[in-house]
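Next come the chains, spelled out residue by residue.
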Amino acid sequence: MNVSVALQERRAEKMFDPAFSISDSQVTELLEKAVLSPTAFNIQNWRIVNVKEPALRQKIREVAWNQDKITDASLLFVICADLNAWAKEPARYWAGAPQMYQDMLIPAIDAYYRDKPQVQRDEAMRSCGLIAMSIMLLAQEQGWHSCPMDGFDFEAVGKLINLPEDHVISMIITIGKRTQESFPRIGKIPLDEVVTENNF
Ligand SMILES: Cc1cc2nc3c(=O)[nH]c(=O)nc-3n(C[C@H](O)[C@H](O)[C@H](O)COP(=O)(O)O)c2cc1C
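Computed from a predicted model, the values in this text were never measured in an experiment. (Residues numbered from 1 in each chain as written. Predicted model: local features only at pLDDT ≥ 70, side-chain atom pairs only at ≥ 80, totals over all residues. Heavy atoms only, no water.)

## A few points about the environment of Pro107
And then number 1: Examined against the element boundaries, Pro107 turns out to sit in helix α5 (residues 99–113).
And then number 2: Since its relative accessible area comes to 48%, Pro107 is described here as partly exposed.
And then number 3: Between the alpha carbons of Pro107 and Ala91 there is a distance of 9.4 Å; along the sequence they are 16 residues apart. (Helix = DSSP H or I, 4+ residues; strand = E, 2+ residues; numbered from the N terminus. Buried < 20%, exposed > 50% of the residue type's maximum accessible area, 1.4 Å probe, protein only.)

## As for the site of the ligand
And then number 1: Lining the immediate environment of the ligand, one finds Arg10, Arg11, Ala12, Lys14, Gln67, Lys69, Cys147, Pro148, Met149, Asp150, Gly151 and Arg185.
And then number 2: Contact between the ligand and Lys14: an oxygen atom at 2.8 Å from a side-chain N or O atom of the residue.
And then number 3: When the ligand is considered free in solution it has 620 Å² of accessible area, and contact with the protein chains removes 63% of it.
And then number 4: The leading source of residues in the shell around the ligand is strand β3 (residues 145–149), at three residues.
And then number 5: When the residues that make up the shell around the ligand are grouped by side-chain class, the tally is four nonpolar, two polar and six charged. (Near = heavy atom within 4 Å. Polar contact = N/O pair within 3.5 Å; in protein donor to acceptor, adjacent residues only side chain to side chain. Areas by Shrake-Rupley, 256 points an atom, 1.4 Å probe, with all protein chains shown as cover. Nonpolar A, V, L, I, M, F, W, Y, C, P; charged D, E, K, R; others polar.)

## Describing the packing of helix α2 (residues 24–34) against helix α6 (residues 117–141)
And then number 1: The contact between α2 and α6 brings their axes to 9 Å, and the two run at 135°. It follows from the interaxial angle that α2 and α6 lie oblique. For α2 against α6, the interelement crossing comes out right-handed. Where α2 abuts α6, its residues Leu30, Leu31, Lys33 and Ala34 lie against Ile131, Ser134, Ile135, Leu138 and Ala139.
And then number 2: By residue class, the composition of the contact of α2 with α6 is seven nonpolar, one polar and one charged. (Axes fitted to C-alpha atoms, helices over the stretch in contact; angles between N-to-C directions. Parallel < 35°, antiparallel > 145°, perpendicular 65-115°, else oblique. Left-handed = near helix turned anticlockwise from the far one by under 90°. Contact = heavy atoms within 4.5 Å.)

## Structural notes on the nonpolar core
And then number 1: Counting residues in each nonpolar core, the largest one holds 24 residues, and the members touching the most others are Leu30, Phe77, Ile79, Ile135, Ile173 and Ile175.
And then number 2: Of all the elements in the fold, those that place two or more residues in this core are α2, β2 (75–82), α6 and β4 (167–176).
And then number 3: Sort the elements by how many residues they give to this core and α6 lands first, with eight residues.
And then number 4: Phe16, Leu76, Cys80 and Phe152 belong to the second-largest nonpolar core, a separate cluster that totals 17 residues. (Core = buried A, V, L, I, M, F, W, Y, C linked by side-chain atoms within 4.5 Å.)

## Let's talk about the sheet that holds β2
Each strand in a sheet pairs with another by means of backbone hydrogen bonds, the pair being arranged parallel or else antiparallel.
And then number 1: Strand order across the open sheet formed by four strands is β1-β2-β4-β3, with antiparallel pairing between neighbours. At either margin of the open sheet sits one strand with a lone partner, and together these are β1 (46–50) and β3. In this sheet, neighbouring strand axes are inclined to one another by 25° on average, regardless of whether the strands run parallel or antiparallel.
And then number 2: Sheet analysis places β2 next to β4, joined by eight bridges and oriented antiparallel. For Asp82, the partnering residue across the bridge sits in β4 and is His167.
And then number 3: Against the sheet, α6 contacts β1, β2, β3 and β4, and its axis sits at roughly 10° relative to β4. (Pairing = 2+ DSSP bridges.)

## Some words on the pairing of β4
And then number 1: Where burial is concerned, most of β4 is hidden: 10 out of the 10 residues are buried.
And then number 2: Pairing geometry for β3 and β4, over five bridges, is antiparallel. The partner of Pro148 across the bridge, within β4, is Ile173.

## A few points about the pattern of salt bridges
And then number 1: By the definition in use, this model includes 11 salt bridges.
And then number 2: A salt bridge links Asp82 to Arg47, with the shortest nitrogen-to-oxygen separation between them at 3.9 Å. You can see Asp82 sitting in strand β2 and its partner Arg47 sitting in strand β1, a full 35 residues away along the chain.
And then number 3: Residue Asp82 is classed as buried on the basis of its relative accessible area, which comes to 3%.
And then number 4: For the salt bridge of Lys88 with Asp166, the shortest nitrogen-to-oxygen distance reads 3.0 Å. Taken together, the residues span a long stretch of sequence, with Lys88 in the loop between β2 and α5 and Asp166 in the loop between α7 (154–160) and β4 at a distance of 78 residues.
And then number 5: One network of salt bridges, in which partners are shared, links Arg47, Asp82, Lys88 and Asp166. (Salt bridge = Lys/Arg side-chain N within 4 Å of Asp/Glu carboxyl O.)

Pasting the structure below:
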């Protein structure tokens, strides 16, 4: 499947077949590709919780507006980020690069993030958004369907997954086989409202 087709066919699906399953090896293959997505300074600050336990899914559903897909989808990923990834052995993010780049970039990472909580959080959300879209397109390529979600109580889900203090949740992605055709696309605003040339 080429990227254009995957983009056209991806929809936020509402209902998933609870009997459909995706193997661990398929999950690994998908995620190995998804982590090729870009992050600023290559810090790979995304962290993904693959929620497999049905009882935990049920508890998440209870704090997610009782949305069926939380329990019915084959996969549920909580897309999180480590706000302090920039400080955790940053040399590994540039290991193998020419020494000149290592000498320049490793201190630059520190200068960019240290004592800047807004930057740390913005960057977390940027990275998560990028990997989330990759995951959804890769799912589409497999003939699966997906739904990005923020219709849940972030604090409650954080507690259920033991979210570390210095991590944040960006969104949930559910993946599986849909049980009904998607609704027609609606409400797309005109491209000239989205795009402007040179400045606003
Ligand atoms: C960050 C984010 C959160 C969303 N949360 C939910 C959700 O909790 N439940 C849901 O059914 N759809 C959710 N959606 C799906 C959007 O409603 C959907 O993407 C949008 O209406 C456009 O439809 P399409 O993705 O099918 O083109 C979410 C989408 C995004 C990007």
